[in-house]
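# Analysis of the macromolecular model
Listed below are the residues making up each chain.
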There are 2 protein chains.
Amino acid sequence: MCQPCYTPIMNKKMISEEEMQVWHMWKSSYKNIFGRVVKDMSEQTGLSEGDFGILDRLDLYGKGKLRQQEIADSMDWTKSRLSHHLTRMEKRGLVLREPLLTERGVEVIITSAGKSALDDARPVVSMAIREHFLDFLTEQDIESITNLAKKTKEKSSSACKSPPS
Amino acid sequence: MCQPCYTPIMNKKMISEEEMQVWHMWKSSYKNIFGRVVKDMSEQTGLSEGDFGILDRLDLYGKGKLRQQEIADSMDWTKSRLSHHLTRMEKRGLVLREPLLTERGVEVIITSAGKSALDDARPVVSMAIREHFLDFLTEQDIESITNLAKKTKEKSSSACKSPPS
DNA sequence: ATAACATGGTTGACACATCAACCACAAGGT
DNA sequence: ACCTTGTGGTTGATGTGTCAACCATGTTAT
């Protein structure tokens, strides 16, 4: 009469009520805060988080243009996700897509409408992050966030992503 | 020649590079950890986070059955979102819906398939949360999480949700 | 009794995300 | 030459979320 065994060797015991509470608190903090920031941005500028991330990268890293794959890599998005999203953004006039002539691939170009939406959004995002997030943090909290980020960073399958070269 | 003014009174200055880093670290920690937990659950049991939350409530709070509105309230979901989700779950045989006879409303009932999916999922979820989240936390981290949760809790528009009665 | 409102739920349209299948074009290896 | 393999990108199906409109049935006010 043994329980189904999901963990390889031993039965680690189930987590406690208090531990589950920590998990729930963490989740709901994130959802509250993140939701407020995104809501401010989308209500005041009409951009979603994805829109902003893409436009931001085009503007900062690419002076207005980047290849799709570069965007996808830097955002950690699949090419499929990006392709779908760009289709919608193109329809709204925020970006253009043009096939590269010299090599394979597609170049994404920010339009003037895209650029001005981005310029409008920057201060809004900035304020929202301060108001809904930074203002709540103590020095200790920042330390915790930094540590947790380090400890949980990718470490994708124990191999290195870019060749040692 | 003044900038567009998004904040009522004064110009709080834009946030710094380091502050933006904290924001990004926080976001990516969440997305990494949460993504891993959800991935474990969905790969090993076929349930999404929403599925699990609903089944869990049916089982614990309602001994197998609850009214839709009760579920929606306790999950902080809109009735629309829940209705759509239940339609999909019903199609998969995890729950049933039956109109209440005595009063208005619909009762959601967990099926045996739903119950066994839930029982299978509990230990998986438990282990995943431990492995991908709890194991990384120090006492200090837990304190930070608790504090942040308190500080950012709902406080819905400075009014009280339930009437003072 | 009737009008006004609140409650419980459904629906359709659309944005967003993932997955698998596909297409086109490069190399490289035989 | 031909066949594999990898890369860059698209597409369709489906699951997930949100919003606004809707419907039916209660409750309350006039």
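Here's what I pulled together on the structure shown here. Since the structure is predicted, the reported quantities are computational estimates derived from the model, not experimental observations.

To continue, consider the sheet that holds strand β1 (residues 65-67) of chain A. Residues and elements named next belong to chain A. Reading across from one edge, β1-β3-β2 is the order of the three strands in this open sheet, with antiparallel pairing throughout. Two strands in the sheet have a free side with no partner beyond their single neighbour: β1 and β2 (95-99). Within this sheet the neighbouring strands show an average axis-to-axis angle of 25°, counted without direction. Here β2 pairs with strand β3 (residues 106-110) via five bridges, running antiparallel. Residue leucine 96 lies in a different strand from β3, and its bridge partner there is isoleucine 109. Most of the contacts of helix α4 (residues 79-91) go to β2, to which it runs at about 120°, and overall it touches β2 and β3.

Turning next to the environment of Gly35(B). Within the fold, Gly35(B) resides in helix α1 (residues 17-45). When its relative accessible area of 34% is taken as the criterion, Gly35(B) is described as partly exposed.

With an axial shift of 0.0 Å and an RMSD of 0.1 Å, the rotation relating chain B to chain A amounts to 180°. The two molecules are tied by a two-fold rotation axis, judged by turn and shift. Interface overlap between copies: 100% of the residues of chain B at the interface are likewise at the interface in chain A, consistent with a symmetric, same-surface contact.

Attention now goes to the protein's contact with DNA strand C. The immediate surroundings of DNA strand C are formed by 18 residues, with Ser80(A), Lys79(B), His84(B), Arg104(B) and Val106(B) found nearest. Counted by atom, the contact set of DNA strand C within 4 Å of the protein is 53% sugar and phosphate. Here His84(B) contributes a side-chain N or O atom positioned 2.7 Å from a base oxygen of DNA strand C. When contributions to the surface near DNA strand C are tallied by element, the ones reaching two or more residues are α4 of chain A together with α3 (68-75) and α4 (79-91) of chain B. Tallying contributions element by element places α4(A) first for the surface near DNA strand C, with five residues.

What follows is about empty space enclosed by the protein. Tallied over the entire structure, the rule returns one cavity of 30 Å³ or more. Surrounding the largest cavity, 16 residues form its lining, Trp26(A), Ile145(A), Trp26(B), Ile145(B) and Leu148(B) being those nearest its centre. Looking at the lining of the largest cavity, its residues break down into ten nonpolar, four polar and two charged.

About the criteria used
Residues numbered from 1 in each chain as written. Chains lettered and ligands numbered in written order. Predicted model: local features only at pLDDT ≥ 70, side-chain atom pairs only at ≥ 80, totals over all residues. Heavy atoms only, no water. Pairing = 2+ DSSP bridges. Helix = DSSP H or I, 4+ residues; strand = E, 2+ residues; numbered from the N terminus. Axes fitted to C-alpha atoms, helices over the stretch in contact; angles between N-to-C directions. Contact = heavy atoms within 4.5 Å. Buried < 20%, exposed > 50% of the residue type's maximum accessible area, 1.4 Å probe, protein only. Least-squares fit on C-alpha atoms with pLDDT ≥ 70 in both. Near = heavy atom within 4 Å. Polar contact = N/O pair within 3.5 Å; in protein donor to acceptor, adjacent residues only side chain to side chain. 1 Å grid on protein atoms, 1.4 Å probe; cavity = no way out; pocket = protein on both sides within 12 Å on 5 of 7 lines; lining within 4 Å. Points joined across faces, edges and corners; volume = space filled by probe spheres on them. Nonpolar A, V, L, I, M, F, W, Y, C, P; charged D, E, K, R; others polar.

Any functional reading would require information that these geometric values do not contain.
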